[in-house]
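Notes for the structure review
Residues per chain are reported as follows:
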Amino acid sequence: MLATATTATLVGVDGHVVTVEVHTSNGLPSFTIVGLPDAACREARDRVRAAVLSSGLHWPDSRVTVNLAPSGLRKGGAVLDVAMAVAVLAATDQVPAESLLGKAFLGELGLDGAVRAAAGILPLTDALRDHAVVVASEACHVALAAGPRAVHAVRTLAELASVLAGRAPWPETPPIPPQPPAAPLPDLGDVVGQPLARRAVEVAAAGGHHLLMLGPPGAGKTMLARRLVGLLPELDGQSAMEATRVQSAAGLPLPTGLATRPAFRSPHHTATVTALIGGGTTAIRPGEISLAHRGVLFLDELGEFAPSVLDAMRQPLEEGVVRVSRASGACTFPARFLLVAAMNPCPCGHAGRPGSCRCSDYARQRYLRRLSGPLLDRFDLRVQVQRPEPDQLLDGIRGESTEPVAARVAAARTRAATRGVATNAELTPVQLERHAPITTSARRELRTRLREGLLSGRGLHRVRCVALTMCDLDGDEPVVNAERLHEALTLRATVGSLHAPVSAEHRMSTG
């Protein structure tokens with residue numbers, strides 16, 4: 001006897017339709033799975049048999065062969081368990097084979113016959129657009145988020161078999177669980193002083209500009225970075241779908257529906273290239289830069305990351321996607337994120353304060369060489385963060401809170417949307433020339449800096465984008481004049497100049 005069922009498997013963050021073919025024949029009792037299954041998929045032999053017997057159903061005393069088509073596509077995970085089980089039931093006439101038509105089955109089986117949720121339900125459901133999808137009850141709200149389609153939720157294999165055999169109706173769709181209250185985000189008003197760094201954080205959030213903060217320990221770099229995500233507006237439909245697909249494929253807990261809050265990812269500085277970029281041996285999984293898609297990737301202690309790990313981000317920072325190729329296959333992951341980094345000026349952290357640094361010149365230069373020139377050139381904003389003055393810390397005067405700054409950021413992004421992009425950082429040179437003309441004096445200054453080697457071609461484009469973002473934040477006409485250009489160049493200081501001692505008067509004047 002032969003029976004088929006439809007399911008899907010996950011490759012990267014995309015689902016691919018899989019047909020499960022089950023054939024029973026005479027011979028010694030056995031259960032064989034072919035079609036490039038991985039280890040978890042091969043272990044379904046024991047899970048499926050135990051689940052069928054625990055559900056009070058009959059397991060055939062014959063040779064059972066399961067083929068996962070297409071055979072050239074590697075199958076992974078336990079999400080194919082339910083499809084294998086119902087195909088076995090159809091091949092042994094315990095449920096009508098016709099009852100499987102037009103339906104797809106996604107879920108892992110427990111040894112007691114329980115149907116459990118599996119990773120990647122959202123992209124898997126999205127791949128099965130022409131089928132009614134059967135999932136575990138706890139995964140129903142995730143499957144419904146994939147779009148309008150028929151979704152059936154079941155709790156056990158026995159319940160599913162009764163429905164397919166016509167002995168019971170489909171269970172009612174479980175109510176969507178209430179969304180737990182979101183944890184409050186830290187307030188930007190907690191940051192004392194730091195006028196220049198606060199301005200850089202606001203510009204980064206409004207224009208999607210990558211930000212590097214350099215300063216001694218305890219200056220407030222991490223505080224500023226963790227409060228930046230609160231300035232970002234909620235994700236719209238397409239961005240929320242992209243971000244939720246990545247989180248679902250990675251097996252992260254999902255909210256009720258789509259994830260609308262931008263992600264904030266902060267990996268440890270010992271993270272490997274695979275952890276940051278994505279990859280794997282048996283299955284290619286998204287890395288931290290993809291989990292931060294449409295959100296913030298914060299790299300604290302940037303100087304402690306391996307240089308090879310940092311340089312691996314150069315291409316994704318430019319293109320907004322990362323292409324991971326392995327011997328087992330290749331995947332493309334979305335990676336449009338806002339990079340925020342913080343680092344000390346030297347290994348001891350006190351460079352710039354006369355008489356405080358204990359590092360030799362060689363140690364400081366070696367520390368900085370961990371950051372390659374091409375990577376530094378991709379930071380649109382590079383600012384120094386000094387420790388606040390004692391009076392500022394002791395007076396308890398709060399800075400501007402998150403709410404008014406977030407309102408300005410939202411207004412600036414609305415202006416950027418009229419140019420056909422989500423943020424100004426995504427503007428092409430042609431779009432920038434059309435939407436942000438340069439005055440004669442600003443063009444003269446840029447020409448001088450280009451001739452002196454202080455700006456690269458990429459830097460020229462980024463400086464103009466930053467200046468345009470400042471115009472949007474302040475509600476001015478989108479014209480890059482000498483004043484806007486000067487402010488944009490001030491927020492793009494060279495890393496070497498960030499090590500110079502800075503007086504309190506200068507720090508206040510830059511605000």
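Structure: see above.
Right, let's walk through the structure included here. What you are looking at is a predicted structure, and each value in this text was computed from that prediction instead of being measured.

Below, the discussion takes up the overall build of the chain. Secondary structure assignment for the chain yields 22 helices and 18 strands. Dimensions of the chain along its principal axes, counting C-alpha atoms only, are 85 × 50 × 45 Å. The buried share of the chain, reckoned over its 511 residues, is 51%. In the chain, the proportion of contacts linking residues at least 24 apart, taken out of those at least 6 apart, comes to 73%. Element-wise, carbon and sulfur atoms account for 53% of the exposed surface of the chain, whose accessible area totals about 21900 Å². Looking at charge distribution, the chain has the averaged site of its 53 positive side-chain charges lying 6 Å from that of its 48 negative ones.

All told, the structure shown has 0 disulfides when counted by the stated rule. This cysteine, Cys 41, is not joined by any disulfide, and Cys 331 carries the nearest cysteine sulfur, 17 Å off.

Take the environment of Gly 166 next. Turning to its location among the elements, Gly 166 is positioned in the loop between helix H6 (157-164) and helix H7 (195-207). Residue classification places Gly 166 among the exposed positions, given a relative accessible area of 62%. Counting along the chain gives 70 residues from Gly 166 to Pro 96, while the straight-line C-alpha distance between them is 8.9 Å.

Moving on to the environment of Asp 38. When you line up the elements, Asp 38 lands in the loop between strand S3 (30-34) and helix H1 (39-42). Taking relative accessible area as the criterion, Asp 38 reaches 15% and is therefore assigned buried. For the pair Asp 38 and Leu 427, spaced 389 residues apart in sequence, the C-alpha separation works out to 43 Å. Apart from residues lying up to four places away in sequence, Asp 38 is in contact with Lys 75, Gly 76 and Gly 77. Within the local environment of Asp 38, its side chain forms a polar contact with the backbone nitrogen of Ala 40, the two atoms lying 3.3 Å apart.

What follows concerns the packing of helix H3 (residues 81-91) against H6. Between H3 and H6, the least distance of the axes is 11 Å, while the angle of their chain directions is 45 degrees. Judged by the angle between their axes, H3 and H6 are oblique. The chirality of how H3 crosses H6 is right-handed. Seen from H3, the contacting residues are Val 82, Ala 85, Val 86 and Leu 89; seen from H6, they are Leu 157, Leu 160, Ala 161 and Leu 164. Grouping the constituent residues of the contact of H3 with H6 by class yields 8 nonpolar, no polar and no charged.

Of all hydrophobic cores here, the largest spans 95 residues; its most connected members are Met 84, Phe 105, Leu 299 and Met 313. When residues in this core are grouped by element, the largest group, 10 residues, is from H3. Setting aside residues no more than four positions away along its own chain, Phe 105 makes contact with Ala 5, Thr 6, Thr 7, Val 79, Val 82, Ala 83, Val 86, Leu 100, Val 134, Leu 160 and Leu 164.

Inspection of the secondary structure puts His 293 in the loop between helix H11 (288-291) and strand S14 (296-299). Reaching out from His 293, the side chain makes a polar contact with the backbone nitrogen of Arg 336 at a distance of 3.0 Å. Excluding its chain neighbours within four sequence positions, the residues that come into contact with His 293 are Glu 242, Ala 243, Pro 334, Ala 335 and Arg 336.

Right, let's get into the sheet that holds strand S10 (residues 211-214). Taken together, the 5 strands give an open sheet; going across it, the order is S11-S14-S17-S10-S18, and neighbouring strands pair in parallel fashion. Only two strands of the sheet have a single neighbouring strand rather than two, namely strand S11 (264-265) and strand S18 (381-384). Looking at chain direction, S10 and strand S17 (residues 338-343) are connected through 4 bridges and run parallel. Note on S17: the bridge partner recorded for Leu 212 is Ala 341. Lying over the sheet, H7 contacts S10, S17 and S18, oriented at roughly 165 degrees with respect to S18.

Right, let's talk about the pairing of S3 for a bit. Every second residue of S3 is oriented toward a common face, the buried set being Phe 31 and Ile 33 and the non-buried set Ser 30, Thr 32 and Val 34. In terms of strand pairing, S3 meets strand S4 (residues 63-69) through 5 bridges, oriented parallel. When the bridges of S4 are listed, Ile 33 appears paired with Val 66.

This next bit is on helix H20 (residues 457-474). Between its terminal C-alpha atoms H20 stretches 26 Å, which fits the 26 Å expected from 18 residues at 1.5 Å a residue. Taken across its 18 residues, H20 has 14 buried, putting it largely inside the fold. Just past H20, the residue Gly 475 takes up positive phi, approximately 70 degrees.

Residue position: Glu 159 is located in helix H6. Once residues within four sequence positions are removed from consideration, Glu 159 is found in contact with Val 154 and Pro 171.

Attention now moves to the pattern of salt bridges. Tallying each qualifying case throughout the model produces 33 salt bridges. Ionic pairing is found between Asp 190 and Arg 227, a salt bridge with its closest N-O pair at 3.2 Å. Of the two residues, Asp 190 is situated in the loop between H6 and H7 and Arg 227 in helix H8 (residues 221-228); the sequence distance between them amounts to 37 residues. Residue Asp 190 is classed as partly exposed on the basis of its relative accessible area of 32%. With its nearest N and O atoms 2.8 Å apart, the salt bridge here joins Arg 462 to Glu 318. Taken together, the positions of Arg 462 in helix H20 and Glu 318 in helix H13 (residues 314-319) put the pair 144 residues apart, joining distant regions of the chain. On the basis of relative accessibility, which here comes to 10%, the residue Arg 462 falls in the buried class. For Glu 318, a relative accessible area of 34% corresponds to the partly exposed category. Among the ionic contacts, a cluster of salt bridges with common partners joins Glu 318, Asp 377, Arg 378, Asp 380, Arg 458, Arg 462 and Arg 492.

Here is what the cut-offs are and how they apply
- Every chain's residues receive numbers from 1 upward, in the order its sequence appears when written.
- pLDDT decides what is reported in this predicted model: residues at 70 or higher carry local features, side-chain atom pairs at 80 or more are listed and counted, and totals for whole chains, interfaces and linings draw on all residues regardless.
- As a rule here, side-chain values cover all heavy atoms of the structure and leave hydrogens and water aside.
- For the purposes of this entry, the term helix denotes a DSSP run of H or I that reaches at least four residues, the term strand denotes a run of E that reaches at least two, and both are numbered from the N terminus.
- Three exposure classes are used, based on accessible area relative to the maximum for each residue type with a 1.4 Å probe and protein chains only: buried under 20%, partly exposed in between, and exposed over 50%.
- Between two residues, a contact is recorded if the distance between any of their heavy atoms is within 4.5 Å.
- Computed by Shrake-Rupley with a 1.4 Å probe, the accessible areas treat only the displayed protein chains as cover when residues are assessed.
- Asp and Glu count as negative and Lys and Arg as positive, but His and the ends of the chain are not part of the count.
- A single reference atom marks each charge: NZ on Lys, CZ on Arg, CG on Asp, CD on Glu.
- Working definition: a disulfide is two cysteine sulfur atoms within 2.5 Å of each other.
- Two N or O atoms form a polar contact when they lie within 3.5 Å of each other; inside protein one atom must be a possible hydrogen donor and the other a possible acceptor, and for residues adjacent in sequence the pair counts only when both atoms belong to side chains.
- Under this scheme, a helix contributes an axis fitted over its contacting stretch, all axes are lines through C-alpha atoms, and angles between N-to-C directions fall in the 0 to 180 degree range.
- Convention used here: angles under 35 degrees read as roughly parallel, angles over 145 as roughly antiparallel, angles from 65 to 115 as roughly perpendicular, and any remaining angle as oblique.
- When the near helix sits turned anticlockwise from the far one by under a right angle, the crossing is termed left-handed; a clockwise turn instead gives a right-handed crossing.
- Just so you know the grouping, Ala, Val, Leu, Ile, Met, Phe, Trp, Tyr, Cys and Pro go in nonpolar, Asp, Glu, Lys and Arg go in charged, and all remaining residues, Gly too, go in polar.
- In this description, a nonpolar core means a group of buried Ala, Val, Leu, Ile, Met, Phe, Trp, Tyr and Cys residues linked to one another through side-chain atoms lying within 4.5 Å.
- A pair of strands is labelled paired if DSSP reports no fewer than 2 bridges between them.
- Take the number of residues in a helix, subtract one, and multiply by 1.5 Å to get its expected span.
- The working definition used for a salt bridge is a side-chain nitrogen of Lys or Arg within 4 Å of a carboxyl oxygen of Asp or Glu.

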